[in-house]
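Per-entry structural report
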Amino acid sequence: MNHPTALADSVAEYEANGCVAAGRLDTATVDELRASIDRISKETRPEVVYEEGGDVVRALHGCHRFDAACAELVRHPMLLDLAEAVLGGPVYVYQFKVNVKQPREGKEWPWHQDYPFWHHEDGMPAPRALNIGIFLDDVHEHNGPLTVLPGTHRLGIIESPGAVPPAKGGDWRDHVSAKLTYTVDNARAAELERDHPGRALLGPAGTVVAFHPSLLHSSTNNPSDTRRALLLITYNAVDNVPAHVTRPEFLVDRDTTPLERR
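With respect to the element layout, Lys97 can be found in strand E4 (residues 91-101). For the pair Lys97 and Pro77, spaced 20 residues apart in the sequence, the C-alpha separation amounts to 19 Å. In this structure, Lys97 is in contact with Leu60, His61, Leu230, Leu231 and Leu232, ignoring residues within four places of it in sequence.

It is worth spelling out the environment of Leu130 at this point. For Leu130, the location among the structural elements is in strand E6 (residues 129-135). Leu130 sits in the buried class, given a relative accessible area of 0%. When the C-alpha atoms of Leu130 and His196 are compared, they prove to be 20 Å apart, with 66 residues separating the residues in sequence.

Positive phi values are uncommon outside glycine, yet Arg104 reaches one of about 65°. Looking at the element boundaries, Arg104 is found in the loop between E4 and strand E5 (109-112).

Where burial is concerned, most of strand E3 (residues 57-61) is hidden: five out of the five residues are buried. As defined by bridge partners, strand E2 (residues 48-50) adjoins E3 across three bridges and the pair is classed as antiparallel. Bridge pairing in E3 places Val49 opposite Ala59. The turn joining E2 and E3, which pair antiparallel and follow one another in sequence, is formed by six residues; a positive phi near 75° is taken by Gly53. As defined by bridge partners, E3 adjoins E4 across three bridges and the pair is classed as antiparallel. Across the sheet, the residue bridging to Leu60 is Val98, located in E4.

Under the definition given, this model contains two aromatic pairs. Note on Tyr94 and Trp118: the rings are 5.2 Å apart at their centroids and 70° apart in plane angle, and the pair reads as edge-to-face. In this pair, Tyr94 sits in strand E4 while Trp118 sits in helix H5 (residues 115-122), placing the two residues 24 residues apart along the sequence. Considered together, Tyr94 and Trp118 belong to a single accessibility category, that of buried residues. With a centroid separation of 5.1 Å and an interplanar angle of 75°, the aromatic rings of Phe117 and Tyr182 are classed as edge-to-face. Taken together, the positions of Phe117 in helix H5 and Tyr182 in the loop between strand E7 (146-148) and helix H6 (186-193) put the pair 65 residues apart, joining distant regions of the chain.

On to helix H4 (residues 77-87), then. The element H4 is extensively covered by neighbouring structure, given that eight of its 11 residues are classed as buried. For H4, the complete set of buried residues consists of Met78, Leu79, Leu80, Asp81, Leu82, Ala83, Val86 and Leu87. Backbone geometry just after H4 places Gly88 at a positive phi near 80°.

The rules we used
Along each chain, the written sequence defines residue order, and numbers are assigned to residues from 1. Since the coordinates come from a predicted model, pLDDT governs what is reported: local features require at least 70, and pairs of side-chain atoms require 80 or more to be given and counted, while whole-chain, interface and lining totals use all residues. The basis for the side-chain values is all heavy atoms of the structure; hydrogens and waters are excluded. For the purposes of this entry, the term helix denotes a DSSP run of H or I that reaches at least four residues, the term strand denotes a run of E that reaches at least two, and both are numbered from the N terminus. Contacts are assigned to residue pairs with any non-hydrogen atoms lying within 4.5 Å of each other. Each residue is placed in one exposure class: buried if its accessible area under a 1.4 Å probe, protein chains only, is under 20% of its type's maximum, exposed if it is over 50%, and partly exposed if it falls in between. Strands pair, by our definition, only if DSSP identifies at least two bridges between them. Aromatic rings from Phe, Tyr and Trp, with only the six-membered ring used for Trp, were paired whenever their centres fell within 6.5 Å, and each pair was classed as stacked if the ring planes differed by under 30 degrees, edge-to-face if by over 60, and tilted otherwise.

Below you can see the structure in the form of structure tokens.
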């Protein structure tokens, strides 16, 4: 369990900046997770998504539903302590994914907020969810790290000038590709970055970070020789369940049972 003072400090930093470095998992746990991800990446199943036009794995989804190591992870006391403290009560797994940027082949994620996807597509009432990211590889400035604009979580849903709202209920693959449905254009992001200087989330394998669903973020291509696998668990408050989920269950989990610590 997190020390109460450290946990309170993490929550305060999260509320102020929309993101926080929240600790580190032990090497054995990271090794077990990495082995699971490597194995799943070789399987042919709908949860495995590829880069456009090829067979390079881009992401894995819903692994906690069928893999023991991932199912154990979502109930880790350190993660649940933080999620429940931030969200003010019991939580469940809304989404589980691993974004895998392969060496020299992993593609970008454009500037976006997560909450517009969840609100417009699934009917999530409020951004009372929490993204917790775990680095499965060492993340450095050259292998496509996640870059965030601290403080932008307080701006609500950010619209780009002249943006045309996408048609609701499109193909779910539009939500997991390099051509995302709900994005913020580069000009608008650059304008916001003047008041909210960007921060790249870097660190060794096992690093745990947390960020708000309304925080503006992106990542570049991975031109380096090292992989950048980022495991992301989205915890949602049990009283914030989406109203009209239609996307596949491996993208949006229907089981809203409050999680118990392992």
